[in-house]
2 protein chains.
Amino acid sequence: MHILIIGAAGMVGRKLVNALIAEGRLGGTDITALTLSDIVAPEKPHTAIPVEAIATDLSAPGAAETLIAARPDLIFHLAAIVSGEAEADFDKGYRINLDGTRLLLEAIRQEGLRQPYRPRLVFSSSIAVFGEPLPPVIPDDQAHTPLTSYGTQKAIGELLLADYSRRGFLDGIGIRLPTIVVRPGKPNKAASGFFSGIIREPLAGLEAVLPVDDSVRHWFASPRAAIGFLLHAATLDTAPLGQRRTLTMPGLSATVGEQIAALEKLAGPRAVSLIRRERDETIAAIVAGWPQNFDAGRAIALGFRAETDFEQIIRAHMEDERGQGGGA
Amino acid sequence: MHILIIGAAGMVGRKLVNALIAEGRLGGTDITALTLSDIVAPEKPHTAIPVEAIATDLSAPGAAETLIAARPDLIFHLAAIVSGEAEADFDKGYRINLDGTRLLLEAIRQEGLRQPYRPRLVFSSSIAVFGEPLPPVIPDDQAHTPLTSYGTQKAIGELLLADYSRRGFLDGIGIRLPTIVVRPGKPNKAASGFFSGIIREPLAGLEAVLPVDDSVRHWFASPRAAIGFLLHAATLDTAPLGQRRTLTMPGLSATVGEQIAALEKLAGPRAVSLIRRERDETIAAIVAGWPQNFDAGRAIALGFRAETDFEQIIRAHMEDERGQGGGA
């Protein structure tokens, strides 16, 4: 099985590569080749599996065709300009997130017109396809009313994925990821960054700023759960999806207060004391419009699994990023 | 006020042009110029208003820029490859319905970057954005699960319209038209053609074929009502729309049996006897997946109005197309 990962240099992409290499096989089939693509050349992992690492702008003419010419059996499309940047740079967001995705789908279709070809395509969508007004618990078939250009581009990607799949050009599945915490690495400027920061920094003995109230509720899964979603999406039977090719992934609805309580349980009051409350009205206003809870029953029925309490999410971080066990 | 109509040579486009010319003004403002565009040059109507009629392929490079360079105050975007053709010719459907629409939006944005410009854009969408499984009465915020490439392209158009409006590049409003009956002219091969044919042909003393059961229910409005929707959308205050820029238009949910009963009331049993029942399994299967009824409460609250019984729809046809009064 030849696997292509587009967006392989990002946090989720790198973890996905590591998981695939660690296993060496997927769905009972040996992985015979890995092609890793991103806007910068992804790092080549140590493995006996032949790996090609390519720097590609998916929206550049011919880029998608080049990736697809090797006829990978399975494609993960994780590449995206993130929300804040797509909002700040309208052209770039549409170019990468809409044109890039469409060029990929079209390259697959054109390859299939030359010689039968219908790869599995796993597309990472986002809960940003949803926007206010929203019910307290958002069903899988909630109408898409994105409030950002990024959300618009992901919603269009879902529509294209469904139509190309319906026409038999590819076997697509989209997964709407929860907000991923605890993100490893340095603090970033994303509005959602503090959800990870208030766990990651105190665990490292560093101060973290909390810009919103403890009562703020949001929808989470660990990076480990996200990799699990991708691997499951790559191998499951897509027939039961019908025309509804994209699924809201399971996650954990938790408040900031519940995050902090879990941190205290695992790392003690000393860690919690490193969280400095410093309200930021801009961030608070952005986060107030975000979804709080989802009914992911459809994905759960299809076998997708996420954490069910925030301690599990913190433990996954400690185990995966810090080589620590359950203790502080 | 300079008005641009894209898709002006179609049935709805021609009626819209006639309505604008008959009135000479819109929303209290004189119409000072009309630009009529379509894939073939629209007929130039007789009027004192300066009219330019242009043959344009909206998806051709520079076509949208040329139309927008004159900075029309109001734009009706009615051009589309219809459902059957978009399904038969995948490339053509995406080129006209998706690329054409996006190039138009982008030309407006680029014009506004040169010099402030934010025209009203009325976009004709379709109930084809919805697909099974559907509730018996479809709400305005039903999730989009199109079952055709045409529906996919219209759903994408709605998303783009909302994002470009949110960003302030234009003042967009989308309207999802019911199936328009009674269509004037000759029978066509659209799967929905018989809904018009079983009224139009008998009124003209001709035989019509009915390929489905009398119990089939669908969602209708007259061409006259459709023109009313477009004119109202052109002038209403869009502020109450918020981010939900596209509305399902009001219509009439009626069965084929109710259509025939209305025909009998207005034209007698002789007209009804011209309807020949000849079941077509292909058409019956297509129509079985179509929506039957909508809750258009949002559009009605905003002042959109349609017929409330099928006799009104037939009378509108007799008055507008045959110069006849209410009688047979």
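The structure we're discussing is the one just above.
In this text, all values refer to a predicted model and were calculated from it rather than measured experimentally. (Residues numbered from 1 in each chain as written. Chains lettered and ligands numbered in written order. Predicted model: local features only at pLDDT ≥ 70, side-chain atom pairs only at ≥ 80, totals over all residues. Heavy atoms only, no water.)

Would you mind showing me how to read the side chain of Ser253(A) here?
Residues and elements named next belong to chain A. Structurally, Ser253 is set in strand β13 (residues 252-255). The exposure class of Ser253 is buried, given its relative accessible area of 15%. A polar contact of 2.9 Å, which involves the side chain of Ser253, links it to the backbone oxygen of Gln292. Setting aside residues no more than four positions away along its own chain, Ser253 makes contact with Arg217, His218, Trp219, Glu258, Gln292 and Asn293. (Helix = DSSP H or I, 4+ residues; strand = E, 2+ residues; numbered from the N terminus. Buried < 20%, exposed > 50% of the residue type's maximum accessible area, 1.4 Å probe, protein only. Polar contact = N/O pair within 3.5 Å; in protein donor to acceptor, adjacent residues only side chain to side chain. Contact = heavy atoms within 4.5 Å.)

I would appreciate a short explanation of the interface of chain A and chain B in the present structure.
How big an interface is tends to be stated in terms of the accessible area lost upon association of its parts. In this complex, chain A contributes 34 residues to the contact, which on the side of chain B involves 34 residues. Counting each side, the surface lost to burial between chain A and chain B is near 2,700 Å², with a carbon and sulfur contribution of 51%. The largest share of the area that chain A buries against chain B comes from Phe90(A), Leu159(A) and Arg244(A), three residues that together contribute 23% of it. Between Arg102(A) and Asp99(B) there is a salt bridge; the shortest N-O distance is 2.6 Å. The interface formed by chain A and chain B contains 22 residue pairs in polar contact (both at pLDDT 80 or more). (Buried area = accessible area lost by both parts, 1.4 Å probe. Salt bridge = Lys/Arg side-chain N within 4 Å of Asp/Glu carboxyl O.)

Which parts of the structure should I look at to understand the sheet that holds strand β4 (residues 33-38) of chain A?
All names here are of chain A. Sheet architecture is open: seven strands sit in the order β5-β4-β1-β6-β7-β8-β12, paired in parallel fashion. Edge positions in the open sheet fall to β5 (51-55) and β12 (246-248), since each of these has one partner strand only. Going across the sheet, the axis of each strand differs from the next one's by a mean of 15°, ignoring polarity. Relative to strand β6 (residues 74-77), strand β1 (residues 2-6) runs parallel, the two being bridged by four bridges. Of the residues in β6, the one forming a bridge with Ile6 is His77. Helix α4 (residues 90-114) rests against β1, β6 and β7 (120-126) of the sheet, and its axis sits at about 165° to β7. (Pairing = 2+ DSSP bridges. Axes fitted to C-alpha atoms, helices over the stretch in contact; angles between N-to-C directions.)

Even after reading the chapter, I still don't get unusual backbone geometry, so can you show me in this structure?
It is generally the case that most residues other than glycine have a negative phi and that most peptide bonds are trans. Residue and element names in this part refer to chain A. Val181 connects to Val182 through a cis peptide bond whose omega is 0°. Note that Val182 resides in the loop between β9 (179-180) and α6 (193-203). Even without being glycine, Arg71 reaches a positive phi, approximately 55°. Relative to the elements of secondary structure, Arg71 occurs in the loop between α2 (63-69) and β6.

Help me out: how do you make sense of helix α8 (residues 256-272) of chain A in this one?
An α-helix turns once per 3.6 residues; consequently, residues spaced three or four apart project the same way. Residues and elements named next belong to chain A. With 17 residues, α8 ought to run about 24 Å at 1.5 Å a step, yet its terminal C-alpha atoms sit only 12 Å apart, falling short of that. Of all the bends found along α8, the most pronounced is centred on Leu266 and spans about 110°, while Pro269, a proline, follows it within four residues. Inspection of α8 places Val256, Gln259, Ile260, Ala262, Leu263, Leu266, Ala267, Gly268, Ala271 and Val272 among the buried residues, and these make up the whole buried set. Those residues of α8 that are buried are in contact with α6, β10 (208-210), β11 (217-221), β13, β14 (275-277) and α11 (310-321). (Expected span 1.5 Å × (residues − 1). Bend = angle between axes of the 7 residues up to and from the residue.)

Can you walk me through the sheet that holds strand β1 (residues 2-6) of chain B in this structure?
The strands making up a sheet are joined through hydrogen bonds of the backbone, oriented either antiparallel or parallel. Residue and element names in this part refer to chain B. Spatial ordering of the open sheet is given by β5-β4-β1-β6-β7-β8-β12, a layout of seven strands whose pairing is parallel. The strands lining the two open edges of the sheet, one partner per strand, are β5 (51-55) and β12 (246-248). Ignoring strand direction, the axes of neighbouring strands in this sheet form an average angle of 15°. Direction of pairing for strand β6 (residues 74-77) relative to strand β7 (residues 120-126): parallel, over a ladder of four bridges. For His77, the partnering residue across the bridge sits in β7 and is Phe123.

Sorry if this is basic, but what is going on with the relation of the copies chain A and chain B here?
Related by rotation about an axis and a shift along that axis, the two copies of the chain form a pair. Of the two same-sequence chains, chain A is brought onto chain B (RMSD 0.0 Å, axial shift 0.0 Å) by a rotation of 180°. As the rotation angle and translation indicate, the two copies are arranged about a two-fold axis. Identified as the residue of chain A closest to the rotation axis by C-alpha distance is Ala143(A), at 1.9 Å. (Least-squares fit on C-alpha atoms with pLDDT ≥ 70 in both.)

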